[in-house]
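Below are the chains, spelled out letter by letter.
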2 protein chains.
Amino acid sequence: MTSPWPAAGTPLDQIATPMPVVDEERLAANIHRAQAYFDAHGKAFRPHIKTHKTVGVAEAQRAAGAIGINCQKVSEAEIFADAGFEDILITYNILGAAKMRGLRELHDRVPRLSVVADSEMTVAGLASAFEAARPLTVLVECDTGGKRCGVQTPEAAARLAERITASPTLRFGGILTYPAPGSAAAVEAFLVATMALLAGKGIDCPVRSSGGSPDLYQAHLVPSATEHRAGTYVYNDRSMVRAGHCTRADLAMHILATVVSRPTEDRAVLDAGSKALTSDLLGFSDYGEIAGFEAARIVSLSEEHAVVDISECRDRFPAIGSVVRIVPNHTCVVSNLFDRMVFHRDGIVTRVEDVAARGTVW
Amino acid sequence: MTSPWPAAGTPLDQIATPMPVVDEERLAANIHRAQAYFDAHGKAFRPHIKTHKTVGVAEAQRAAGAIGINCQKVSEAEIFADAGFEDILITYNILGAAKMRGLRELHDRVPRLSVVADSEMTVAGLASAFEAARPLTVLVECDTGGKRCGVQTPEAAARLAERITASPTLRFGGILTYPAPGSAAAVEAFLVATMALLAGKGIDCPVRSSGGSPDLYQAHLVPSATEHRAGTYVYNDRSMVRAGHCTRADLAMHILATVVSRPTEDRAVLDAGSKALTSDLLGFSDYGEIAGFEAARIVSLSEEHAVVDISECRDRFPAIGSVVRIVPNHTCVVSNLFDRMVFHRDGIVTRVEDVAARGTVW
């Protein structure tokens, strides 16, 4: 069986499609620009590995100055613990015997491990699973408008912090939110109110963690936050360009695809479907942008085909057999589909790295 | 590192979530019901492996009487060739040096390999890659209304068939379509017209292949088709119930997920996001159905969270820590996210099998 993965030195126009590829220079620039911003503002930066799930990229983030990493699953954290990462925050309510067993093993070998909780139930589960000799650090997750998980009020946050503080097997680490985009004032107000309540109870709140890539460069508008978490900024995608977070020149990931059919004057078909791009729309009405052919619209995906409306650029659009570059709507879900990631510099493959935390289940 | 994959004999309520699970009895019933239908109507049945990507399931389909299998990628076909499958149809325009090299290797070891083409460009590429001593079988793909790939008219189909017939390194195998749902009359008309044109040119057209799960049990309404291809029928999903193809009692795959938060009276959050369910809507306005709680609506997904509107069933909805069963909108894309699949009988794990063709790239 021939391998689809190219050797270093291979030009991108000779590799199999569909294939996501990451530009080394843009990747490095994205990492350093974000870290420089947080350094300038005196905030800790904790990249979320969900976007790349790749050890080498996380190492570059750490080398640039990241305080640690953010994972969403116990099994992701295991991969990065194996790779020697010593400060891991899992921003998830860990529940259930199977995950708790994994979390305990992780705590035994990660010097600085922390998790979040937003309910008495989660706190009780964590409290009974750990030991006073080596308490687990728990942050209270707050819903500051993102409408996902999180306690709803500063009062509820303070109550849960008290509950954690009262548990000898847990250590209260602080408060955390994944805010709605553009909601800095609401986040700041929630943090300030919670900190005041905690101060009134004599509870220290060392970490105030906010997050998100779209508003990454507005993190200074939440002065009470001590750290920021973000994933997508590292590769960027079409949604980040739309949010004003970056320009097209900062897009590190593209998906190479081949034109496999031109059935009609106005229709082209590419070999990248929902199993390469995913169906994530993120508010767009089409499934990605074709670099250099922004007038073409990827109007539908089946699993291995993209149907492109080329009515606005039919004379210019590439012929059958040509390779195009797709800017994905959402980069994080693309990484999650491929076992390995191809990196390049100026269109020449530099390395192919395992997406080591892809396929981690729990 | 503990393994998330359960041992045989484990009850489903003790396994890690999120996790797709397949009911052995429903799986077997789906396989046998479809095969019995095609046997009764004297048509060949060629299951598409895209849904399960799993050798054991394909073996069960073959054992039930399938004529062969349908793959969408060269790299998928390689996995099933390794597993001893001898009749493989790849319903894709194969273009580019890398894929063509894989296709040639495959042709050397698969007794009955066939592909499709819908353009002179694809036919020319195939013709130059194979040898007259062992010609490759090529079917002409026809667009009968599905508006994806395919020649647009019976005349164009006949012209391309002539071109294939004229190539000493290729063998014309017949015609193929992936039709729009509910379009049996249009498919039959296209097939009949093309067969008449081919007969007029003295070209034999042994295979007329149609496909699709939603209309599987209407395949007899296309009498000129000699074979049918379908994938989703084997597991079924919410879209198949809506199409009238099956009932909820025929749903073989569910995704187990844990309630990880109840932030408000009307909101619950599950540990299954777009990296477990995908964002495929398939025309639905929500991201799956929770078995037994059909009034709950999965209104949004982030990568590892599902946000559920439980306003219509808030008193009944399970507490934090409980496990629920999600019926996915689209089963094929779920299989593609997990490295292994958990099978069970009456809620007890029977086996865990590699999703061997997951992550195949080209």
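Just so it is clear, the structure is predicted and the values come from calculations on it, not from any experiment.

What counts and how
- Residues numbered from 1 in each chain as written.
- Chains lettered and ligands numbered in written order.
- Predicted model: local features only at pLDDT ≥ 70, side-chain atom pairs only at ≥ 80, totals over all residues.
- Heavy atoms only, no water.
- Pairing = 2+ DSSP bridges.
- Helix = DSSP H or I, 4+ residues; strand = E, 2+ residues; numbered from the N terminus.
- Axes fitted to C-alpha atoms, helices over the stretch in contact; angles between N-to-C directions.
- Contact = heavy atoms within 4.5 Å.
- Parallel < 35°, antiparallel > 145°, perpendicular 65-115°, else oblique.
- Left-handed = near helix turned anticlockwise from the far one by under 90°.
- Nonpolar A, V, L, I, M, F, W, Y, C, P; charged D, E, K, R; others polar.
- Least-squares fit on C-alpha atoms with pLDDT ≥ 70 in both.
- Salt bridge = Lys/Arg side-chain N within 4 Å of Asp/Glu carboxyl O.
- Polar contact = N/O pair within 3.5 Å; in protein donor to acceptor, adjacent residues only side chain to side chain.
- 1 Å grid on protein atoms, 1.4 Å probe; cavity = no way out; pocket = protein on both sides within 12 Å on 5 of 7 lines; lining within 4 Å.
- Points joined across faces, edges and corners; volume = space filled by probe spheres on them.
- Core = buried A, V, L, I, M, F, W, Y, C linked by side-chain atoms within 4.5 Å.
- Buried < 20%, exposed > 50% of the residue type's maximum accessible area, 1.4 Å probe, protein only.
- Domains from an automatic or database assignment.
- Buried area = accessible area lost by both parts, 1.4 Å probe.
- Phe/Tyr/Trp six-rings, centres within 6.5 Å; stacked < 30°, edge-to-face > 60°.
- Lys NZ or Arg CZ within 6 Å of the ring centre and 35° of its normal.

All names here are of chain B. Across the sheet, eight strands lie side by side as β2-β9-β8-β7-β6-β5-β4-β3; this open sheet has parallel pairing. What marks the edges here is a single partner per strand, and that holds for β2 (44–47) and β3 (69–71). The mean inter-strand angle of the sheet, taken between neighbouring strand axes irrespective of direction, is 30°. Here strand β8 (residues 207–211) pairs with strand β9 (residues 227–230) via three bridges, running parallel. Bridging across to β9, Ser210 finds its partner in His228. Its contacts with the sheet place helix α4 (residues 97–109) against β4 (87–93), β5 (112–117) and β6 (136–142), and it is angled at close to 145° to β5. Against the sheet, helix α5 (residues 120–129) touches β4, β5, β6 and β7 (170–177), its axis set at about 145° to β5.

Moving on: the packing of helix α4 (residues 97–109) of chain A against helix α5 (residues 120–129) of chain A. Residue and element names in this part refer to chain A. Orientation of α4 relative to α5, taken along the N-to-C sense of each, is 50°, at an axis distance of 11 Å. In terms of orientation, α4 lies oblique with respect to α5. Our pair here, α4 against α5, has a crossing hand that is right-handed. Of α5, the residues touching α4 (which contributes Met100, Leu103 and Arg104) are Gly125, Leu126 and Ala129. Of the residues in the contact of α4 with α5, the class split is four nonpolar, one polar and one charged.

Moving on to the relation of the copies chain B and chain A. Least-squares fitting of chain B to chain A yields an RMSD of 0.0 Å, with the superposition described by an axial translation of 0.0 Å and a rotation of 180°. What the superposition gives is, in effect, a two-fold axis relating one chain to the other. Closest approach to the rotation axis among the C-alpha atoms of chain B is made by B:Ser279, whose C-alpha sits 2.6 Å away.

A word on the pairing of strand β17 (residues 348–354) of chain A. Residue and element names in this part refer to chain A. The sheet contact formed by strand β16 (residues 340–345) and β17 spans six bridges and is antiparallel. Across the sheet, Arg345 pairs through a bridge with Ile348, a residue of β17. Between β16 and β17, which pair antiparallel and follow one another directly, the connecting turn spans two residues, one of which, Asp346, has a positive phi of 50°.

Across the contact, 65 residues belong to chain B and 66 residues belong to chain A. When the shortest N-O distance is used, the salt bridge between A:Arg267 and B:Asp143 registers 2.8 Å. Here chain B and chain A share 30 residue pairs in polar contact (both at pLDDT 80 or more) between them. Mapped by element, the contributors of at least two residues to the side of chain B that touches chain A are α3 (74–82), β4, α4, α5, β10 (253–264), β11 (267–270), α9 (274–277) and α10 (331–335) of chain B. With six residues, the top contributor of residues to the side of chain B that touches chain A is β10(B). Across the side of chain B that touches chain A, the residue classes tally to 24 nonpolar, 21 polar and 20 charged.

A few words now on empty space enclosed by the protein. Applying the stated criterion across every chain, the model contains seven cavities of 30 Å³ or more. Volume-wise, the largest cavity comes out at about 110 Å³. The wall of the largest cavity is formed by 16 residues, among which A:Thr278, A:Leu337, B:Ser274, B:Thr278 and B:Leu337 lie closest to the centre. Those elements that place two or more of their residues in the lining of the largest cavity are α9 (274–277) of chain A together with α9 of chain B.

Let's shift gears to the nonpolar core. One broad rule of soluble globular proteins: the nonpolar side chains tend to lie buried together. In this structure, A:Tyr235, A:Leu270, A:Ile290, A:Phe317, B:Tyr235, B:Ile290 and B:Phe317 are the most contacted members of the largest nonpolar core, which totals 110 residues. Setting aside chain neighbours within four positions, we find B:Ile290 in contact with B:Leu270, B:Ala296, B:Ile298, B:Val308, B:Phe317, B:Val324, B:Arg325 and B:Ile326. In terms of nonpolar packing, the next biggest core, distinct from the first, is built from 56 residues, A:Met100, A:Val115, A:Ala129 and A:Cys205 among them.

Turning our attention to the pattern of salt bridges. According to the stated counting rule, one finds 50 salt bridges over all chains in the structure shown. Its salt-bridge partner being A:Lys50, residue B:Glu303 comes within 2.9 Å of it at the nearest N-O pair. Of the two residues, B:Glu303 is situated in the loop between β13 (297–301) and β14 (306–309) and A:Lys50 in the loop between β2 (44–47) and α2 (55–64); the pairing between them involves two chains. As far as burial versus exposure is concerned, B:Glu303 and A:Lys50 are alike and both buried.

Time to look at the domain arrangement of chain A. Accessible area lost during the coming together of the parts is what is often quoted as the interface size. Residue and element names in this part refer to chain A. Segmentation of chain A into domains returns domain 1 (12–21 + 246–354) and domain 2 (43–235). Summarising the inter-unit geometry, the C-alpha centres of domain 1 and domain 2 are found 34 Å apart. Facing the 12 residues of domain 1 at the interface are 11 residues of domain 2. Across the domain 1 to domain 2 interface the summed buried area is about 850 Å²; carbon plus sulfur atoms make up 58%. It is Thr331, Cys332 and Glu353 in domain 1 that bury the most area against domain 2; as a group they hold 42% of the surface buried on that side. Scanning the region where domain 1 abuts domain 2 turns up zero salt bridges. Where domain 1 touches domain 2, the interface holds four residue pairs in polar contact (both at pLDDT 80 or more).

What follows covers the environment of A:Arg163. Position of A:Arg163 relative to the elements: it lies in helix α6 (residues 154–165). Between the C-alpha atoms of A:Arg163 and A:Val123, which are 40 residues apart in sequence, the distance is 7.8 Å.

The relative placement of two aromatic rings is captured by the distance of their centres and the angle of their planes. Residues and elements named next belong to chain A. This model, assessed by the stated rule, comprises 12 aromatic pairs over all chains. Taking the centre distance of 5.0 Å and the plane angle of 75° together, the rings of Tyr37 and Phe38 count as edge-to-face. The class of Tyr37 is buried, set by a relative accessible area of 12%. Taking 5.2 Å as the distance between ring centres and 80° as the angle between the ring planes, the aromatic pair formed by Tyr37 and Tyr217 counts as edge-to-face. Residue Tyr37 is found in helix α1 (residues 24–41), and its partner Tyr217 is found in the loop between β8 (207–211) and β9 (227–230); the two are separated by 180 residues along the sequence. Its end group placed over the ring of Phe85, Arg62 keeps NZ or CZ at 4.1 Å from the ring centre. Arg351 extends its terminal NZ or CZ atom over the ring of Phe343, reaching a point 3.8 Å from the ring centre.

To continue, consider the side chain of B:Gln61. Assignment of secondary structure puts B:Gln61 in helix α2 (residues 55–64). Beyond its immediate sequence surroundings of up to four residues, B:Gln61 is in contact with B:Ile31, B:Gln35, B:Pro47, B:His52, B:Ala66, B:Tyr233 and B:Val234.

Going from A:Thr17 to A:Pro18, the amide bond is cis rather than trans, its omega being -5°. Summarising the element assignment, A:Pro18 is placed in the segment before β1 (19–23). Of note in the backbone geometry, B:Lys53 takes a positive phi value of approximately 50° without being a glycine. Locating B:Lys53 in the fold gives a position in the loop between β2 and α2. Judged by its relative accessible area of 1%, B:Lys53 is buried. If you check the backbone angles, B:Thr278 has positive phi at about 65° while not being a glycine.

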